[in-house]
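Okay, here's what each chain looks like letter by letter:
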Amino acid sequence: MKSYQKVNLFSYNTFAIDLLCDRLIEVEKEEEVLQLLDNKIFESEFLVIGGGSNLLFTKPFNGTIIKMVTKGIKKVKEDDFSVWIEVQAGELWEDFIFYCIDNQYYGIENLVGIPGLVGSSPVQNIGAYSVEAKDVIEMVSGWRISTQKSFQLSNDECQFGYRNSIFKSEWKNDVIITKVLFRLSKKEKYVISYQGLIEELGKNPAPLSLRKVADAILALRNTKLPDISEFGCAGSFFKNPIVSDDVFLAIQQRFPKLISYPVSDGKVKLAAGQLIDLAGMKGYREGNVGVWPKQALVIVNYGGASGEEIVAFYKKVQQCVFDTFGIAIEPEVNVI
Ligand code: EPU
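Predicted model only: the values in this text are computed from it and were never measured.

Student: Got a sec to walk through the environment of Ser-209? Specific residues and values, please.
Tutor: Mapped onto the elements, Ser-209 comes out in the loop between helix H3 (197-202) and helix H4 (210-224). For Ser-209, a relative accessible area of 26% translates into the label partly exposed. For the pair Ser-209 and Tyr-129, spaced 80 residues apart in sequence, the C-alpha separation works out to 16 Å.

The structure is reproduced here in structure tokens:
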């Protein structure tokens, strides 16, 4: 493992917040997690990070940041229909996606373009274009900090929900995920139900393939989302709120174009981006912080914004949505 003192977090968070942490440890081998537990690293303040693409630092971090940089993508089992791939937590999500595309493994291609590391994917059950990580996760392994015991959780035991899992609820800040086992399909199948995807696919005359779907998704993302190498941001800043049918119907009276997706009996999910948009905040900017003009769910740091400025800004957006619709939208981003 590598340990560094007084590290600038600028390149460890995609919001490009310029702050220091006391110590940063990069874990290069799975076994090193045991050493960290033995050395009582977790008895003082700590934070386990992945690619830093879902974090907003608001103050210097007076503790230890632990980043898994373990590597390895291994096929562990296969039958006629499926393949099981074990991936170390420190692998780049993007590298895993392209490994699957290159090997003709189906099921995960819609999640191309999402920044971050494989070990973070189960935590908030990342999702896009009608696919979620939970659709392909078979097992998550790691260490629990409170009990100092290793764990292996099946898909069911991970309690996946919309942008949620046991790792964000009951076991929050109590785990180090070391590897994830995925099950992918060897048989050709695609999820192309997302509105706009078929249209995008139609622009390319080539027959449907994993590469074609991935290219179409990347093209869609490029039209809506900022390039994180150019603008600080953390993807969707807010979660899409889930409300009762009654609340939805009442708001729809005033805003007939309101979009909703059924979730469960009597509940629907609204599009937070649309709410922010209808509330008139799309493209709104104060100093170095703004709502992205092409997708209102994204808040961007145009350069040099502090975490506190971004917090003050997102609260304004929240308030405006609340004043317009009576709905409290919650950050998806982890504010530290
Ligand atoms: N919409 C607007 N105005 C906006 C943004 C969206 O009217 O400014 C409308 C769109 O027209 C669309 C609806 O809202 O009808 C939903 O928009 P979109 O399909 O772009 O999806 P989203 O709900 O805004 C979610 C994920 C994204 C993911 C997309 C595509 C969350 C919090 N976000 O966004 O994930 O890429 O679906 O599947 O669920 C991320 O998590 O970082 C992320 C980018």
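Now that the structure has been shown, we can carry on.
Student: So, the pattern of salt bridges: which residues are in play, and what are the values?
Tutor: Applying the stated rule across the entire model yields 14 salt bridges. The partner of Glu-286 in a salt bridge is Lys-316, and the shortest N-O contact between them spans 2.7 Å. On the criterion of sequence distance, the pair formed by Glu-286 in strand S17 (residues 285-286) and Lys-316 in helix H7 (residues 307-325) is long-range, its members being 30 residues apart. Here Glu-286 falls in the partly exposed class, since its relative accessible area comes to 30%. Residues participating in the shared-partner salt-bridge network are Lys-75, Glu-78 and Lys-186.

Student: Before we move on, could you go through the sheet that holds strand S10 (residues 137-144) and cite the residues and values that matter?
Tutor: If you walk across this open sheet you meet the five strands as S6-S7-S12-S10-S11, and the pairing is antiparallel. Looking at which strands have only one partner, the edges of the open sheet turn out to be strand S6 (73-78) and strand S11 (150-154). With direction set aside, neighbouring strand axes in the sheet form an average angle of 20 degrees. Where S6 meets strand S7 (residues 82-88), five bridges bridge the pair, whose relative direction is antiparallel. Residue pairing in the sheet places Ile-73 in a bridge with Val-87 of S7.

Student: Provide a residue-level description of the site of the ligand, including the pertinent values.
Tutor: Close contacts around the ligand come from 23 residues, with Tyr-129, Tyr-162, Arg-163, Tyr-194 and Ser-236 the closest. Here an oxygen atom of the ligand sits 2.6 Å away from a polar atom, N or O, in the side chain of Arg-163. In this structure, Glu-332 approaches the ligand through a side-chain N or O atom, which is 3.4 Å from an oxygen atom. Ranked by residue count, the leading element in the shell around the ligand is helix H6 (residues 272-278), at three residues. Residue-level mapping places the shell around the ligand at the junction of two domains, with at least three residues from each of domain 2 (73-185) and domain 3 (232-335).

Student: Describe the layout of surface pockets, naming the residues involved and giving the relevant values.
Tutor: Size it by volume and the second largest pocket reaches roughly 290 Å³. Taken together, 19 residues line the second largest pocket, and the ones lying closest to its centre are Phe-10, Asn-13, Thr-14, Ala-16 and Gly-232. Here the lining of the second largest pocket is built from residues that sort into seven nonpolar, 10 polar and two charged. Residue-level mapping places the lining of the second largest pocket at the junction of two domains, with at least three residues from each of domain 1 (2-68) and domain 3 (232-335).

Student: So what's going on with the side chain of Ser-185? Residues and values would help.
Tutor: Along the chain, Ser-185 falls in strand S12 (residues 175-185). From its side chain, Ser-185 meets the backbone oxygen of Lys-187 in a polar contact 2.9 Å long. Apart from residues lying up to four places away in sequence, Ser-185 is in contact with Phe-81, Ser-82, Gln-104, Tyr-105 and Tyr-106.

Reading the values: rules and limits
- Residues numbered from 1 in each chain as written.
- Predicted model: local features only at pLDDT ≥ 70, side-chain atom pairs only at ≥ 80, totals over all residues.
- Heavy atoms only, no water.
- Helix = DSSP H or I, 4+ residues; strand = E, 2+ residues; numbered from the N terminus.
- Buried < 20%, exposed > 50% of the residue type's maximum accessible area, 1.4 Å probe, protein only.
- Salt bridge = Lys/Arg side-chain N within 4 Å of Asp/Glu carboxyl O.
- Pairing = 2+ DSSP bridges.
- Axes fitted to C-alpha atoms, helices over the stretch in contact; angles between N-to-C directions.
- Near = heavy atom within 4 Å.
- Polar contact = N/O pair within 3.5 Å; in protein donor to acceptor, adjacent residues only side chain to side chain.
- Domains from an automatic or database assignment.
- 1 Å grid on protein atoms, 1.4 Å probe; cavity = no way out; pocket = protein on both sides within 12 Å on 5 of 7 lines; lining within 4 Å.
- Points joined across faces, edges and corners; volume = space filled by probe spheres on them.
- Nonpolar A, V, L, I, M, F, W, Y, C, P; charged D, E, K, R; others polar.
- Contact = heavy atoms within 4.5 Å.

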